[in-house]
Amino acid sequence: MRIFLVSSEFPSYTPLGGIATYTLHCATGLHALGHEVHVITRSIDDVPTSTQVDGIMHHLLGHGSFPLPQHRFAYPLRKVCYTCIPQTLIRLAWAKEVFKAIAKLIQDGCIPDVIEVPDCGAEGYYLARNALRQKLVVRLHTPWNLVRKLDSIREHPLDSYLLDYCEKLAIRNARYVSSPTKALAEIVCASWHIKGIEQYPNPIPVKNYVKSSGEKWIFVGRVEYRKGVHVLLRAYAQAAQKCTVPQLMLVGKAYGIMANGESYESFIRRLIKELHLEKMIEWIHGTSDVAHYLAMACVAIFPSVWENFSYACLEAMASSIAVIASDCGGFKEIVSSGQNGILFTQEDAAALANELVWCAENPEKTQKMGVLGQLWVATHCDTPVVCKHIEMVYRKASVTQDDRADSV
């Protein structure tokens, strides 16, 4: 099959994120199965180009221009749009570039069997509005409308409404929709009345990860409200009052604005000072060398307010690091508490503190959970295993009639 994977994020071109990581592992795994894979992603310097890397075609696109009339008499309209719907304009500009690039590839004879796009930001909006929707598969990561609510992101109501509409249209018009977790599938089904969502985990190349022998504790991920870093800091401070705790590493860049207008970064810095944790915490502000820091850890903590299918958690488990995670979203489908990890009540700092104390006082049992976690990831999420399931879904999408129309 000829497969197009669309993602505005992709490693080596854009800052690393969950969607970028997923796209990389899918591309690599599907290419290993003998498929012709094209990755369509964003050029960080806005210069379009195409190149082949390890047998996979990379098509780098420009950011695109806002889809607004450019006549001088339309200036008042453009000004209103720049003020009221900036997020929608940015997303649609990229979606338009994706559509134009795929149309050009098809014109040149490079006709895809399947096109996969992420849900967040309606990257498949223009593809979903024409015959290409018959080849369209949407992968659920976390729609922007859910991210906005969780992070309390302030947007103009019209911006929120339009982007929600675009995401909904792109998802509902796709031939297939897939999700790594039942939790997110249920949310999307309930919100947008979509049935028949395929479910399979995100792939991760387990063989690329070595067993950690470190002694520190670690958080990996974007330092934002929905990741619950504030919960972790309060729990860590409480645990430090009860026993001797290892140094905590925060690996990730800050993101987002609090409801009161304060940046989340400022809030976290202030909280670290108020809790007197300056000498106990090392904050690494974003890095592509996550493996280096995982090798220094024995426990990884993920106190998210919401999480779909966390790659940071999978990477820690693949490194035989014991994980402690909140009982929200996809964590409940990854972690069997007390066996391959620990779950605690979401947003309950006291409950998390108790689990941190237990890990500090039971290093051998903690290490055993890490070993079982690595086994779980190898069994359920290893790239060759997952990509064979993806291949099956793609084959159905490329040869069957669209039987989803009656269910949306």
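Our subject is the structure listed above.
All figures in this text were calculated on a predicted structure; none of them were measured in a lab.

**What to know about the side chain of Glu116**
Here is step 1: Relative to the assigned elements, Glu116 resides in strand E5 (residues 114-118).
Here is step 2: In this structure the side chain of Glu116 is engaged in a polar contact, spanning 2.7 Å, whose partner is the side chain of Tyr22.
Here is step 3: In this structure the side chain of Glu116 is engaged in a polar contact, spanning 2.4 Å, whose partner is the side chain of Tyr394.
Here is step 4: The contacts of Glu116, once residues within four sequence positions are left out, are Phe4, Leu5, Val6, Tyr22, Val137, Arg139, Tyr200 and Tyr394.

**So, the sheet that holds strand E7 (residues 176-179)**
Here is step 1: What the 8 strands build is an open sheet, ordered E3-E4-E2-E1-E5-E6-E7-E8; its pairing is mixed. One side of each edge strand has no neighbouring strand; the edge strands of this open sheet are strand E3 (49-53) and strand E8 (198-199).

**Re the environment of Asp289**
Here is step 1: As for its position among the elements, Asp289 is in the loop between strand E11 (281-284) and helix H9 (290-294).
Here is step 2: Classification of Asp289 as partly exposed rests on a relative accessible area of 39%.
Here is step 3: As a C-alpha pair, Asp289 and Lys211 span 78 residues in sequence and 16 Å in three-dimensional space.

**Side note on the pattern of salt bridges**
Here is step 1: Here the structure, examined in full by the defined rule, presents 13 salt bridges.
Here is step 2: A salt bridge links Arg2 to Glu36, with the shortest nitrogen-to-oxygen separation between them at 2.8 Å. Here the residue Arg2 occupies a position in strand E1 (residues 2-6), and Glu36 occupies one in strand E2 (residues 36-42), the gap between them amounting to 34 residues.
Here is step 3: Across the salt bridge formed by Glu274 and Arg270, the nearest N and O atoms sit 3.2 Å from each other. Of this pair, Glu274 and Arg270 both sit in helix H8 (residues 264-274), separated by 4 residues, roughly a single helical turn.

**A few points about the environment of Arg42**
Here is step 1: Note that Arg42 resides in strand E2.
Here is step 2: Each C-alpha atom of the pair Arg42 and Glu9 lies 6.7 Å from the other, and the pair is 33 residues apart in sequence.
Here is step 3: When residues no more than four places from it in sequence are discounted, the contact partners of Arg42 are Ser7, Ser8, Tyr13, Thr14, Leu60, Leu61, His63 and Trp94.

**Considerations on the packing of aromatic side chains**
Here is step 1: For the structure shown, the criterion picks out 6 aromatic pairs.
Here is step 2: An angle of 55 degrees between the planes, with centres 5.7 Å apart, marks the rings of Phe66 and Tyr82 as tilted. Placement of the pair is Phe66 in the loop between strand E4 (56-61) and helix H2 (75-84) and Tyr82 in helix H2, with a sequence separation of 16 residues.
Here is step 3: Between Tyr225 and Tyr264, the ring centres sit 6.4 Å apart and the planes meet at 80 degrees, which makes this aromatic pair edge-to-face. Of this pair, Tyr225 sits in the loop between strand E9 (216-220) and helix H7 (229-240) while Tyr264 sits in helix H8, and the two are 39 residues apart along the sequence.
Here is step 4: Three or more aromatic residues joined by ring pairs form one cluster here, namely Tyr225, Tyr264 and Phe267.

**Comments concerning the nonpolar core**
Nonpolar side chains in soluble globular proteins tend to end up buried together.
Here is step 1: Counting residues in each nonpolar core, the largest one holds 55 residues, and the members touching the most others are Ile204, Ile218, Phe302, Leu314, Val377 and Ile390.
Here is step 2: In terms of residues, this core owes the most to one element, helix H10 (residues 311-318), which gives 7 residues.
Here is step 3: Other than its neighbours up to four places away in sequence, Phe302 contacts Val220, Ala312, Cys313, Ala316, Val323, Ile324, Ala325, Ser326, Phe331 and Phe344.
Here is step 4: Counting residues in hydrophobic clusters, the runner-up holds 40 residues, among them Leu146, Cys166, Leu184 and Trp306.

**A look at the environment of Tyr225**
Here is step 1: For Tyr225, a relative accessible area of 26% corresponds to the partly exposed category.
Here is step 2: Considering only alpha carbons, one finds Tyr225 and Ile106, 119 residues apart in sequence, at a separation of 42 Å.
Here is step 3: When neighbours within four sequence positions are excluded, Tyr225 is seen to be in contact with Leu150, Asp151, His230, Met258, Tyr264, Val305 and Glu347.

**Considering the sheet that holds strand E12 (residues 297-302)**
Here is step 1: Judged by pairing direction, the sheet is parallel, and its 6 strands sit side by side in the order E11-E10-E9-E12-E13-E14 without closing on themselves. Two strands in the sheet have a free side with no partner beyond their single neighbour: E11 and strand E14 (342-344). Each neighbouring strand pair of the sheet contributes to a mean axis angle of 20 degrees, computed without reference to strand direction.
Here is step 2: Bridging between strand E13 (residues 322-326) and E14 involves 3 bridges; their strand directions are parallel. Looking at E14, one finds that Ile324 is bridged to Ile342.
Here is step 3: The strands that H10 touches are E9, E12 and E13; relative to E12, the one it contacts most, it runs at about 160 degrees.
Here is step 4: Those strands touched by helix H13 (residues 363-380) are E12, E13 and E14, and its axis lies near 85 degrees from that of E13.

**Some remarks on unusual backbone geometry**
Here is step 1: Of note, Asp46 is a non-glycine position whose phi angle comes to about 65 degrees, a positive value.
Here is step 2: The topology assignment puts Asp46 in the loop between E2 and E3.
Here is step 3: Accessibility expressed as a relative area gives 40% for Asp46, which makes it partly exposed.
Here is step 4: With a phi angle near 60 degrees, His276 is a residue other than glycine that sits in the positive phi range.

**Looking at the side chain of Asn308**
Here is step 1: Among the secondary structure elements, Asn308 is positioned in the loop between E12 and H10.
Here is step 2: For Asn308, the side chain forms a polar contact with the main-chain oxygen of Leu140, separated by 3.5 Å.
Here is step 3: At a separation of 2.6 Å, a polar atom in the side chain of Asn308 contacts the main-chain carbonyl oxygen of His141.
Here is step 4: Contacts of Asn308, omitting those with residues within four sequence positions, involve Leu140, His141, Thr142, Pro180, Thr181, Leu184, Gly330 and Phe331.

Reading the values: rules and limits
- Residues numbered from 1 in each chain as written.
- Predicted model: local features only at pLDDT ≥ 70, side-chain atom pairs only at ≥ 80, totals over all residues.
- Heavy atoms only, no water.
- Helix = DSSP H or I, 4+ residues; strand = E, 2+ residues; numbered from the N terminus.
- Polar contact = N/O pair within 3.5 Å; in protein donor to acceptor, adjacent residues only side chain to side chain.
- Contact = heavy atoms within 4.5 Å.
- Pairing = 2+ DSSP bridges.
- Buried < 20%, exposed > 50% of the residue type's maximum accessible area, 1.4 Å probe, protein only.
- Salt bridge = Lys/Arg side-chain N within 4 Å of Asp/Glu carboxyl O.
- Phe/Tyr/Trp six-rings, centres within 6.5 Å; stacked < 30°, edge-to-face > 60°.
- Core = buried A, V, L, I, M, F, W, Y, C linked by side-chain atoms within 4.5 Å.
- Axes fitted to C-alpha atoms, helices over the stretch in contact; angles between N-to-C directions.

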